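Residue-level listing of the chains:
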Amino acid sequence: MGSPPLIKVENLKIYFPIRRGLFGPRLYVKAVDGVTISIDVGEVLTLLGESGCGKTTLGKTIAGLYRPTAGRVLFMGKDVWSLPPREFMEYRRSVQIVHQDPYASLNPTKTVFQILSAPLKRWGIAYSREELIDKVSKLLELVGLTPPEDFLFKYPHQLSGGQRQRVVIARAISVNPKLVVADEPITMIDVSLRLGILDLMLELREKIGTAYLFITHDFGAARYFSAKGGGRIAVMYLGKIVEIGPAEDVIHYPQHPYTQTLISAVPVPDPEESRKKKPIQLRSLDIPSPVNPPSGCRFHDRCPFYIEGLCDKEEPPLVEVRPNHWVACWRAVKR
Amino acid sequence: MPETILSIRNLTVFYRGLRGYVHAVDDVSLDVYRNEVLGIVGESGSGKSTLALTILRILPPTARIVRGSIIYRDPETGREYDLAKMPEREVAKIRWRKISYVPQAALNALNPTLKIVDHVLETARAHGFTDKKKVLEKAEYLFKMLRLDPKRVLNSYPHELSGGMKQRVTIALGMLLDPQVLILDEPTTALDVLTQRFILDLLKDLRKKIDITMIFITHDIAIEADLADRVAVMYAGKIMEVGDVFQIFKAPKHPYTQALIRSIPSLIGSVEEMRPIPGSPPDLVNPPPGCRFHPRCPYAEKGLCDTKEPPLIQLADGRLVACWLYAR
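(A) Structural detail: the pattern of salt bridges. Taken as a whole, this structure holds 41 salt bridges over all chains when the rule is applied. The salt bridge partner of A:Arg93 is A:Glu90, with a shortest N-O separation of 2.4 Å. Residue A:Arg93 and its partner A:Glu90 are both found in helix 2 (residues 85-94); the two are separated by three residues, about one turn of the helix. The exposure class of A:Arg93 is buried, given its relative accessible area of 12%. When the shortest N-O distance is used, the salt bridge between A:Arg322 and A:Asp249 registers 2.8 Å. On the criterion of sequence distance, the pair formed by A:Arg322 in strand 11 (residues 318-322) and A:Asp249 in helix 9 (residues 247-252) is long-range, its members being 73 residues apart. The class of A:Arg322 is partly exposed, set by a relative accessible area of 29%. For A:Asp249, a relative accessible area of 16% gives the class buried. The network of salt bridges with shared partners includes B:Arg197, B:Asp201, B:Lys204 and B:Asp226.

Listed below in structure tokens is the structure:
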């Protein structure tokens, strides 16, 4: 037995109650519905999926912001929701979040110095003003905002979107987290600067050893980040992981019909290639409601390859079809 | 020679800002050919949307057309109009009837208190079409072509429709009066992959069925590879390169175009060859002197690129490039 993974979620379910009318039945949005996944120390894992698939909910749960409806979140092998308060706070410190919108996640009335020194004070990493200035300057250098003097006393509105996201990343790594959950961190950044933010995150992993859970809907970004970081991509659909494997393997040899369909639909920056692509046609364009997900395989009502009497009845297990590459599809199960 | 429907010359548009004038579109010249799909690609702040708003003359009050012309040649009558200088009441006869607009539906393009049928009728009435029956017939025809169920959609409020359906409604509204030119501003940006693919395929299908010129504006250059016939690359209010889509992607000439294509995280090619563009986009209140891209350009030459602005010149293969590498 090696050491336990940094984070493991087991059969995780997150349901949000909704009510239709005052006396209506209580219904649940099944945002995450039975996910088992683990992230090792220093690992890069990308969670890829369309809007509403549950990827953000899963990310927030891993960061301890939602309490599971069922299942467990294990941090270094321990169930986080039965940790004593002191250890729970230690876990919360160890898992930090970078949100999508760098305009909304920085307080507009505080300077960069104030923003970055708050967590240092909170966690007792630095106290005196000299110490704080020194530590904050080092953080700014680490995220490429140099020289730090130019940025220390600026307000968020004086920074560009890319610079703001660098401040957000600096704040996340300031408390030495073991995992950073980055939820669409480049979606609101200028196109030409996006890879710079991803490269920065990977560089920081080399320097301080953080693991990443990168959440995105962008196939290209998922491939870039996970492939460069030697990590995996997990594809989510309606609250479930349908495929997980090494980045390039998932992109070039997708096994689940859902992954295959999405990859066949993404435009690529080559007119010949892009126009040659034959997108797989689904039986329905609409994503079913996560309140009443389809029976059996959740993708069966849209899947062009579905097997009647099997896919609509029983849920397919995740099986390993290529080295380290798992898929939940009945066509992949040897019967 | 292809027939030119829009001919933009030396167009300059500034916004009045707190710190001074924002040089949003600066000395832009560009031709749009009849029945082509012209892609305009650029980052935020490149001026691509301002260019669209100027052609339609729907700029916000803080904006001013400083100089330049936008000549629109009506292919039916052969008459020419300068959209940059015409009085508003004259522009109103061309807007939506001849040159129409499809905004990003996710950005509150539809009024949440009005049913889609009222959007349709009001759009038509605003341009003098009061025959309800005829207008609705036309709308039903367009909805069917865009694979929307007319009965259901017309009687819905915007919030009852999915993002992809709303975007298709805005496309139908843009086409309601049979325009010759349709300007689409980021019409697939907030949509999921499959919905985006569906809309791109619908647009391709549409141009096979009817004569229409499309100007497709996006920050996502891969979409232009999929859809456009020609591509214009904008940076900091300037045109950097204009060419056939195959030329642009197979052998980009401008260092910015080259860098932009390399900065796309794509599913093809090696991830090792993808890289960001160093530096950041310029401040448009004080744009850099000379070539606006020179502070980020690997080929920038001191004393030339940082002092003199490169002219937009035509290369032997027909494309236009504004770069000193090709201009001396």
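(B) Local environment of the confidence of the model for chain B. For chain B, the mean per-residue pLDDT works out to 94, and 100% of the residues sit at or above 70. Across the interfaces of the predicted complex, the ipTM metric reaches 0.90, alongside a pTM of 0.93.

(C) Focus on the nonpolar core. Grouped together as the largest cluster of nonpolar side chains are 102 residues, with contacts concentrated most on B:Leu6, B:Ile99 and B:Ile183. In contact with B:Leu6, other than residues within four places in its own chain, are B:Leu30, B:Asp31, B:Val32, B:Ile55, B:Ile70, B:Ile71, B:Tyr72, B:Leu83, B:Ile99, B:Val181 and B:Ile215. In terms of nonpolar packing, the next biggest core, distinct from the first, is built from 43 residues, A:Phe113, A:Leu120, A:Leu132 and A:Ile173 among them.

(D) Geometry of the sheet that holds strand 5 (residues 78-79) of chain A. Residue and element names in this part refer to chain A. Pairing in this open sheet of four strands is antiparallel, and the strands run 2-1-4-5 from one edge to the other. Each edge of the open sheet is held by one strand with a lone partner, namely strand 2 (26-39) and strand 5. As paired elements, strand 1 (residues 7-19) and strand 2 share eleven bridges and run antiparallel to each other. Considered in strand 2, the bridge of Leu12 is made with Val35.

(E) Inspection of the interface of chain B and chain A at higher detail. Facing the 41 residues of chain B at the interface are 40 residues of chain A. A buried area of about 3600 Å², summed over both sides, lies between chain B and chain A, and 64% of it is on carbon and sulfur atoms. Inspection of the chain B/chain A interface yields two salt bridges. Linking A:Glu272 and B:Lys250 is a salt bridge whose minimum nitrogen-to-oxygen distance equals 4.0 Å. For the pair chain B and chain A, the number of links is 14 residue pairs in polar contact (both at pLDDT 80 or more). Ranked by residue count, the leading element in the side of chain B that touches chain A is helix 7 (residues 193-209) of chain B, at seven residues. When its residues are assigned to classes, the side of chain B that touches chain A shows 21 nonpolar, nine polar and eleven charged.

(F) Seen up close, the pairing of strand 4 (residues 63-73) of chain B. All names here are of chain B. Of the strand pairs in this sheet, strand 1 (residues 4-16) and strand 4 are connected by eight bridges, and their pairing is antiparallel. For Leu6, the partnering residue across the bridge sits in strand 4 and is Tyr72. When strand 4 meets strand 5 (residues 80-82), the two strands line up antiparallel, connected through three bridges. Bridged to Tyr72 within strand 5 is Tyr81. What sits between the antiparallel neighbours strand 4 and strand 5 is a turn of six residues, in which Gly78 has the positive phi angle 80°.

(G) Up close: the environment of B:Tyr326. Residue and element names in this part refer to chain B. Counting through the fold element by element, Tyr326 comes out in helix 11 (residues 324-327). Between the C-alpha atoms of Tyr326 and Gln314, which are twelve residues apart in sequence, the distance is 9.3 Å. For Tyr326, the residues in contact, after removing those within four places along its chain, are Lys253, His254, Gln258, Ile313, Leu315 and Val321.

(H) Local environment of the sheet that holds strand 9 (residues 230-235) of chain B. Residue and element names in this part refer to chain B. An order of 6-7-8-3-9-10-12-11 is seen for the eight strands of this open sheet, with the pairing classed as mixed. In the strand order of this sheet, the two ends are held by strand 6 (99-102) and strand 11 (313-314), each with one partner. Where strand 10 (residues 238-244) lies against strand 12 (residues 320-321), two bridges are found, and the strand directions are antiparallel. What sits directly across from Val242, in strand 12, is Leu320.

(I) Looking closely at the packing of helix 4 (residues 132-145) of chain B against helix 6 (residues 163-175) of chain B. Residue and element names in this part refer to chain B. Two elements in contact, helix 4 and helix 6, have axes separated by 10 Å at closest approach and are oriented at 135°. Of the possible angle classes, the one that applies to helix 4 and helix 6 is oblique. Two packed elements cross with a definite hand, and for helix 4 against helix 6 that hand is right-handed. Of the residues in helix 6, those touching helix 4 at Lys138, Leu142, Phe143 and Met145 are Val169, Ala172 and Met175. Across the contact of helix 4 with helix 6, the residue classes break down as six nonpolar, no polar and one charged.

About the thresholds
- The numbers attached to residues start from 1 for each chain and follow its sequence in the written order.
- By the order in which they are written, chains take letters starting at A while ligands take numbers starting at 1.
- Selection of residues for local features in this predicted model requires a pLDDT of at least 70, selection of side-chain atom pairs for listing and counting requires 80 or more, and totals for whole chains, interfaces and linings are taken over all residues.
- Hydrogens and waters are ignored; side-chain quantities use all the structure's heavy atoms.
- The rule for a salt bridge is simple: a side-chain nitrogen of Lys or Arg has to be within 4 Å of a carboxyl oxygen of Asp or Glu.
- Put simply, DSSP marks the helices as runs of H or I at least four residues long and the strands as runs of E at least two long, and each gets a number from the N terminus on.
- Using a 1.4 Å probe on the protein chains alone, a residue whose accessible area is under 20% of its type maximum counts as buried, one over 50% counts as exposed, and one in between counts as partly exposed.
- Per-residue confidence from the predictor is reported as pLDDT, a score between 0 and 100.
- Here, nonpolar core means buried Ala, Val, Leu, Ile, Met, Phe, Trp, Tyr and Cys residues that are tied together by side-chain atoms lying within 4.5 Å of each other.
- By definition in these notes, contact holds between two residues if any of their heavy atoms fall within 4.5 Å.
- Should DSSP find at least two bridges between two strands, the strands are taken to pair.
- Accessible area that two parts lose when put together, evaluated with a 1.4 Å probe and summed over both, is termed the buried area.
- We call two N or O atoms a polar contact when they sit within 3.5 Å, provided that within protein one can donate a hydrogen and the other can accept it, with sequence-adjacent residues counted only if both atoms are side-chain atoms.
- Here the term charged refers only to Asp, Glu, Lys and Arg, the term nonpolar to Ala, Val, Leu, Ile, Met, Phe, Trp, Tyr, Cys and Pro, and the term polar to all other amino acids, Gly among them.
- In this analysis, axes come from line fits to C-alpha atoms, helices being fitted only over the stretch in contact, and the angle between any two N-to-C directions falls in the range 0 to 180 degrees.
- Should an angle fall under 35 degrees it is taken as roughly parallel, and over 145 as roughly antiparallel, whereas 65 to 115 is taken as roughly perpendicular and any remaining angle as oblique.
- Crossings are assigned a handedness: left-handed for a near helix turned anticlockwise from the far helix by less than a right angle, right-handed for a clockwise turn.

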